[in-house]
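Okay, here's what each chain looks like letter by letter:
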Amino acid sequence: MKIFTVDKIREADQFTIENEPISSLNLMERASTQVAQWILKYFPKYYRPIIVAGKGNNGGDGLAIARMLATFGYQTKVYLAMGTDGSDDFNANLERLDNGRVDIIEGYQSLKERAIDKNILWIDALFGSGLSRPIEGGLAELIDYINKAEGKKIAIDIPSGLFADQPTEGKSIFQADTTLSFQFPKLAFLIPENEAYVGDWTILDIGLSREYIDQTESSFELTKHIKLTKASKFAHKGDRGRCTIIAGGYTRMGAAVLAARAALHSGIGLITVQSCQKTINVVQQSIPEALILKDCNEYSLGDFLEYGNQDVLVVGPALGFAEKTKKLFVEILKNYKGQLVLDADALTYLSENTELLQLLPKGTILTPHIGEFDRLFGKHDNHFDRLKKLQQKAKKHQIIILLKGKYSAIASPEGQIYFNSTGNNSMAKGGSGDVLAGMIGGMFPLTKNPLQTAINAAFLHGLSGDIATDTYDEDYVTPSILIENLHLAQKMCTQTQ
Ligand SMILES: NC(=O)C1=CN([C@@H]2O[C@H](COP(=O)(O)OP(=O)(O)OC[C@H]3O[C@@H](n4cnc5c(N)ncnc54)[C@H](O)[C@@H]3O)[C@@H](O)[C@H]2O)[C@@H](O)CC1
Ligand SMILES: [K+]
């Protein structure tokens, strides 16, 4: 699903109006119908909606929604926060409202009296995508007041005060329980610092032109489903590829085992783990399918071994910081010709010596979390800036960077960003990242496309976490459970193909 900027959304509206064709007022009617029906589905009639309307088209939506909710039988009120003269479609809907079913709340004082009522459904239709500056003065006071009020809160299209595709400096922003947004998610919904304002968000299809959507490029996409590459019916183990995990060390082999197991359950033909003398038994007992590449060091990996027939190396989880291990890493960067997946401590080596970034082979996959990303590429005050840097760095080094988080952002060497839509906070635990890195290694040989592999692996990893929470409370899901559920996630993705 594409994520468009406000300018492109406006173009999409306009294109639809001209080419469907449909009047702007009827498009508003269609959008508002979607909202009213959504509310009807989720809120019983003892909720009493108060629509707080601005004077632009977001306010126009609000007035149309008020009319519809009143028709459905909700006891509905409207507060006209910016007066009675607004955009053409606002004015038209204000006129249509005049049917005796909707009360207009006169004066701020009378609005305030509702603030202690738990059954009020506050509907924010003050500003939508037309917000051009931070909200100040009386309107800021109004928003702050509603934020403190009892009741449920729904934002139409986007919470008022929040910019859709740039950082928001203003302090007065509507705090929604749910945001009902038209046609496209806004980039702002995927930004961690906006969580408290956006709440849960739902996209309502208002039938904007498919032709416009298909033909218009966007740098951002949200992955809603994936297509898994299957091996040929005549495949032998070599076709499913070979992956070596270079991770762990004495007392830290759990990371290597998790990564290797994840790779094994992700379709790999042959899994190998590079292991020190002291830890060979750990691997062999945990994963009977694994081959061992024997490292002559006792405690920390350090030998550059024969990786020539390996399709992919996963390097980094819990490797530790021994000098010999760092040297091994540099040798791998200089000499290995296959696909590299770099995670965890390997990313720290890169941030300790950023000149190593020049050695990364094209198409290398890095999988940093936000802390690792900032250590590598500099501190960021907001996530919008971080995403810009993500695009720049993926382009500059011609690599794939999978920035992990609630909506993991995967940047391509062309600077495109694909946000992942699956997963939940049960996965924010030590070991989840090892599982993801292993999955990428396990999945790469079948797709042979590093970007697609990263997108698919992030999606399956998250889906596995979502499936886990059907059975386990979020606090009790473990990374091993993610691996156990992978087959269910894979099946779901295969069935939808
Ligand atoms: N164009 C279309 O066809 C559709 C538009 N829709 C709605 O239209 C909305 C966009 O409408 P508009 O472009 O009219 O914009 P808004 O309704 O967001 O408001 C824009 C108005 O507010 C003023 N304004 C902006 N920031 C302000 C601030 N901080 N303080 C005071 N005034 C401020 C602007 O000067 C302008 O008059 C969408 O978010 C969506 O809700 C929907 O009805 C779907 C269809
Ligand atoms: K709004």
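Being a predicted model, the structure only gives us computed values, none of them experimental.

## Re the UniProt feature "binding site: AMP" (unreviewed entry) in the protein
Part 1 of the argument: Within the UniProt annotation, "binding site: AMP" (unreviewed entry) is assigned to K404, G405, K406, Y407, S408 and G433. Across 30 residues, the annotated set stays spatially compact, with a maximum C-alpha separation of 14.3 Å. From the list above, the largest pocket is lined by K404, G405, K406, Y407, S408 and G433.
Part 2 of the argument: Take K404: its relative accessible area is 17%, and that puts it in the buried class.
Part 3 of the argument: Only 3.3 Å separates the side chain of K404 from the side chain of D343, close enough to count as a polar contact.
Part 4 of the argument: Summarising the element assignment, K406 is placed in the loop between β16 (400–403) and β17 (409–411).
Part 5 of the argument: Assessed through its relative accessible area of 52%, K406 is described here as exposed.

## Details of the site of ligand 1
Part 1 of the argument: Taken together, 22 residues lie around ligand 1, and N58, D61, G128, R133 and D157 are the ones closest in.
Part 2 of the argument: Taking R133, its main chain carries an N or O atom lying 2.7 Å from a nitrogen atom of ligand 1.
Part 3 of the argument: Contact distances for ligand 1 include 2.5 Å between an oxygen atom and a side-chain N or O atom of D157.
Part 4 of the argument: Cavity membership is defined here by more than half of the atoms lying within 2 Å of grid points; on that basis ligand 1 lies in the second largest pocket.
Part 5 of the argument: Among the elements of the structure, α1 (6–19), α2 (24–42) and α3 (57–72) are those that each provide at least two residues to the shell around ligand 1.
Part 6 of the argument: When its residues are assigned to classes, the shell around ligand 1 shows 11 nonpolar, 7 polar and 4 charged.

## So, the nonpolar core
Part 1 of the argument: Within the largest apolar cluster, 55 residues are counted, with the highest numbers of intra-cluster contacts made by V315, L342, L350 and F419.
Part 2 of the argument: Three or more residues apiece are contributed to this core by two domains, here domain 1 (2–218) and domain 2 (242–495).
Part 3 of the argument: Among the nonpolar cores identified, the runner-up in size contains 47 residues, and L228, M253, A454 and I467 belong to it.

## Observations concerning the coordination of the potassium ion (ligand 2)
Part 1 of the argument: At the metal site, the potassium ion (ligand 2) is ligated by N58 (OD1), D124 (O), D124 (OD), F127 (O), I156 (O) and I158 (O), and these contacts range over 2.7 to 3.2 Å.
Part 2 of the argument: Around the potassium ion (ligand 2), the 6 donor atoms are arranged such that angles at the metal cover 70 to 145°; this shape is classified as irregular.
Part 3 of the argument: Binding-site remark: the potassium ion (ligand 2) is held by donors from one chain whose sequence spacing is N-x65-D-x2-F-x28-I-x1-I. With D124 in strand β5 (residues 120–125) and I156 in strand β6 (residues 152–156), this pair connects stretches of sequence that are 32 residues apart. You'll find D124 and I156 in the same group, each marked buried.

## Some thoughts on the sheet that holds strand β8 (residues 200–204)
Part 1 of the argument: Here we have 7 strands laid out as an open sheet, ordered β4-β3-β2-β5-β6-β7-β8, and parallel in their pairing. Lying at the two open borders of the sheet, with one neighbouring strand each, are β4 (103–104) and β8.
Part 2 of the argument: As paired strands, strand β2 (residues 48–53) and β5 are joined by 6 bridges and run parallel to one another. Looking across to β5, one finds that I51 is bridged to I123.
Part 3 of the argument: Helix α6 (residues 137–148) contacts β2, β3 (77–80), β5 and β6 of the sheet and is inclined by roughly 140° relative to β6.

## Some remarks on unusual backbone geometry
Part 1 of the argument: Put simply, E20 and P21 share a cis peptide bond, and its omega is -15°.
Part 2 of the argument: For P21, the location among the structural elements is in the loop between α1 and α2.
Part 3 of the argument: Positive phi values are uncommon outside glycine, yet T251 reaches one of about 70°.
Part 4 of the argument: With respect to the helices, strands and loops of the structure, T251 is situated in the loop between β10 (242–246) and α9 (253–264).
Part 5 of the argument: Positive phi, normally seen in glycine, also occurs at Q398, with a value near 55°.
Part 6 of the argument: Relative to the assigned elements, Q398 resides in the loop between α14 (383–397) and β16.
Part 7 of the argument: For Q398, a relative accessible area of 29% gives the class partly exposed.

## So, the packing of helix α13 (residues 370–377) against α14
When two helices pack together, their arrangement is given by the angle between the helix axes and the distance between those axes.
Part 1 of the argument: Two elements in contact, α13 and α14, have axes whose closest approach is 11 Å; the angle formed by their N-to-C orientations is 65°. Relative to α14, the crossing made by α13 is left-handed. Contact with α13, carried on its side by I370, F373, D374 and F377, involves H383, R386, K389, L390 and K393 of α14 and no other residues of that element.
Part 2 of the argument: Looking at the contact of α13 with α14 residue by residue, the classes come out as 4 nonpolar, 1 polar and 4 charged.

## A few points about the side chain of S275
Part 1 of the argument: Within the secondary structure layout, S275 lies in strand β11 (residues 270–276).
Part 2 of the argument: Residue class for S275 comes out buried when judged on its relative accessible area of 0%.
Part 3 of the argument: Setting aside residues no more than four positions away along its own chain, S275 makes contact with M253, I280, V283, I292, L293, K294, D295 and L301.

## Here's the deal with the environment of M68
Part 1 of the argument: Residue position: M68 is located in helix α3.
Part 2 of the argument: Residue class for M68 comes out buried when judged on its relative accessible area of 9%.
Part 3 of the argument: In this view, M68 contacts E29, S32, T33 and A36; residues no more than four positions away in its chain are not counted.

## With respect to helix α12 (residues 345–352)
Part 1 of the argument: Of all the 8 residues making up α12, 7 are buried; the element is thus mostly covered by neighbouring parts of the structure.
Part 2 of the argument: What α12 keeps buried is the set D345, A346, L347, T348, Y349, L350 and S351.
Part 3 of the argument: The secondary structure elements touched by the buried residues of α12 are β13 (312–315), α11 (323–335), β14 (339–342), β15 (365–366) and α13.

## A short note on the domain arrangement of the protein
Part 1 of the argument: As assigned here, the protein comprises domain 1 (2–218) and domain 2 (242–495).
Part 2 of the argument: A C-alpha centroid distance of 41 Å is found between domain 1 and domain 2.
Part 3 of the argument: The interface of domain 1 with domain 2 comprises 15 residues on the first partner and 7 residues on the second.
Part 4 of the argument: Contact between domain 1 and domain 2 buries roughly 890 Å² in total, counting both sides, with carbon and sulfur atoms accounting for 73%.
Part 5 of the argument: The largest share of the area that domain 1 buries against domain 2 comes from P167, L190 and I191, three residues that together contribute 45% of it.
Part 6 of the argument: Here domain 1 is connected to domain 2 by 0 salt bridges.
Part 7 of the argument: At the junction of domain 1 with domain 2, the criterion picks out 3 residue pairs in polar contact (both at pLDDT 80 or more).
Part 8 of the argument: Of the residues that constitute the side of domain 1 that touches domain 2, the class distribution is 10 nonpolar, 3 polar and 2 charged.

About the thresholds
Residues numbered from 1 in each chain as written. Chains lettered and ligands numbered in written order. Predicted model: local features only at pLDDT ≥ 70, side-chain atom pairs only at ≥ 80, totals over all residues. Heavy atoms only, no water. UniProt positions renumbered as here; feature names shortened; annotations may be inferred. 1 Å grid on protein atoms, 1.4 Å probe; cavity = no way out; pocket = protein on both sides within 12 Å on 5 of 7 lines; lining within 4 Å. Buried < 20%, exposed > 50% of the residue type's maximum accessible area, 1.4 Å probe, protein only. Polar contact = N/O pair within 3.5 Å; in protein donor to acceptor, adjacent residues only side chain to side chain. Helix = DSSP H or I, 4+ residues; strand = E, 2+ residues; numbered from the N terminus. Near = heavy atom within 4 Å. Sits in = over half its atoms within 2 Å of the grid points. Nonpolar A, V, L, I, M, F, W, Y, C, P; charged D, E, K, R; others polar. Core = buried A, V, L, I, M, F, W, Y, C linked by side-chain atoms within 4.5 Å. Domains from an automatic or database assignment. Donors = N, O, S within 2.8 Å, 3.2 Å for Na, K, Ca; no water. Tetrahedral: all angles 85-135°; square planar, octahedral: opposite > 155°, others 65-115°. Pairing = 2+ DSSP bridges. Contact = heavy atoms within 4.5 Å. Axes fitted to C-alpha atoms, helices over the stretch in contact; angles between N-to-C directions. Left-handed = near helix turned anticlockwise from the far one by under 90°. Buried area = accessible area lost by both parts, 1.4 Å probe. Salt bridge = Lys/Arg side-chain N within 4 Å of Asp/Glu carboxyl O.

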